[in-house]
Amino acid sequence: VQLQASGGGLLQAGGSLRLSCAASGRSFSSYGMGWFRQAPGKEREFVAAISWAGGITYYADSVKGRFTISRDNAKNTQYLQMNSLKSEDTAIYYCAAQPTTGRLRGGYDYWGQGTQVTVSS
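This text gives an overview of the structure that appears in the document. (Residues numbered from 1 in each chain as written. Predicted model: local features only at pLDDT ≥ 70, side-chain atom pairs only at ≥ 80, totals over all residues. Heavy atoms only, no water.)

1. Some words on the packing of aromatic side chains
Here is step 1 of the chain: A full pass over the atoms with the stated rule returns five aromatic pairs.
Here is step 2 of the chain: Note on Phe-36 and Phe-46: the rings are 5.7 Å apart at their centroids and 75° apart in plane angle, and the pair reads as edge-to-face. Here Phe-46 lies in strand E5 (residues 45–50) and Phe-36 lies in strand E4 (residues 32–38), a separation of ten residues in the sequence.
Here is step 3 of the chain: Residue class for Phe-36 comes out buried when judged on its relative accessible area of 1%.
Here is step 4 of the chain: Grouped by ring-pair contacts, the aromatic residues Phe-36, Phe-46, Tyr-108 and Trp-111 constitute a single cluster.
Here is step 5 of the chain: Directly above the aromatic system of Trp-111 lies the positively charged group of Arg-44, at a separation of 5.0 Å from the ring centroid.
Here is step 6 of the chain: Positioned over the ring face of Phe-28 is Arg-71, at 4.4 Å from the centre of the ring. (Phe/Tyr/Trp six-rings, centres within 6.5 Å; stacked < 30°, edge-to-face > 60°. Helix = DSSP H or I, 4+ residues; strand = E, 2+ residues; numbered from the N terminus. Buried < 20%, exposed > 50% of the residue type's maximum accessible area, 1.4 Å probe, protein only. Lys NZ or Arg CZ within 6 Å of the ring centre and 35° of its normal.)

Below is the structure:
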């Protein structure tokens, strides 16, 4: 599976942004998907995950209620809708895929290249 993340940008606190992750290669619909982020000087952390059919979702406590993960298997694409953005959301956001669904970084087999999100306060 090859993953291509896009949609990052620079915006002010309180704004919204939608990230996309386009997949190619093996059957996208058979993989659980996730989003992680890495801020400067920090480890990559879990943001959100979604099961292959979209029926199960997980969120980090820091984004719960503000971010929504979704997927469109017909378009081989997953999304991360980010609302009420804060300066602490500034990071490089990575999409990832794995055969199951989960929060652990080590469980993911495939990673996209990342897209930068910068939120100014």
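2. Let's talk about the state of the cysteines
Here is step 1 of the chain: What the rule picks out here adds up to one disulfide.
Here is step 2 of the chain: In this model, Cys-21 is linked to Cys-95 through a disulfide, with the two sulfur atoms separated by 2.2 Å. Taking the torsion about the S-S bond as the criterion, the Cys-21 to Cys-95 disulfide, at about 65°, is right-handed. In this pair, Cys-21 is assigned in strand E3 (residues 17–24) and Cys-95 in strand E9 (residues 91–98), connecting sequence segments 74 residues apart. Summarising the burial analysis for this pair, Cys-21 and Cys-95 share the class buried. (Disulfide = S-S within 2.5 Å.)

3. Focus: the environment of Gly-34
Here is step 1 of the chain: Position of Gly-34 relative to the elements: it lies in strand E4.
Here is step 2 of the chain: Residue Gly-34 is classed as buried on the basis of its relative accessible area, which comes to 0%.
Here is step 3 of the chain: Between the C-alpha atom of Gly-34 and that of Ser-84, which follows or precedes it by 50 residues, the distance is 20 Å.

4. Here's the deal with the sheet that holds strand E1 (residues 2–6)
Strand pairs in the sheet, formed through backbone hydrogen bonds, run parallel or antiparallel to each other.
Here is step 1 of the chain: The strand order E1-E3-E8-E7 describes an open sheet built from four strands, whose pairing is antiparallel. In the strand order of this sheet, the two ends are held by E1 and strand E7 (67–72), each with one partner. When the angles between neighbouring strand axes are averaged without regard to direction, this sheet yields 15°.
Here is step 2 of the chain: Here E3 runs beside strand E8 (residues 77–82); their pairing, made up of six bridges, is antiparallel. Bridging from a neighbouring strand, Leu-17 pairs with Met-82 of E8. (Pairing = 2+ DSSP bridges. Axes fitted to C-alpha atoms, helices over the stretch in contact; angles between N-to-C directions.)

5. Regarding the nonpolar core
Here is step 1 of the chain: Trp-35, Leu-80, Met-82 and Tyr-93 are the most contacted members of the largest nonpolar core, which totals 35 residues.
Here is step 2 of the chain: Elements supplying a minimum of two residues to this core: E1, E3, E4, E5, E7, E8, E9 and strand E11 (115–120).
Here is step 3 of the chain: If near-sequence neighbours (up to four positions away) are discounted, Leu-80 is found in contact with Leu-17, Arg-18, Leu-19, Trp-35, Val-47, Ala-48, Phe-67, Thr-68, Ile-69 and Tyr-93. (Core = buried A, V, L, I, M, F, W, Y, C linked by side-chain atoms within 4.5 Å. Contact = heavy atoms within 4.5 Å.)

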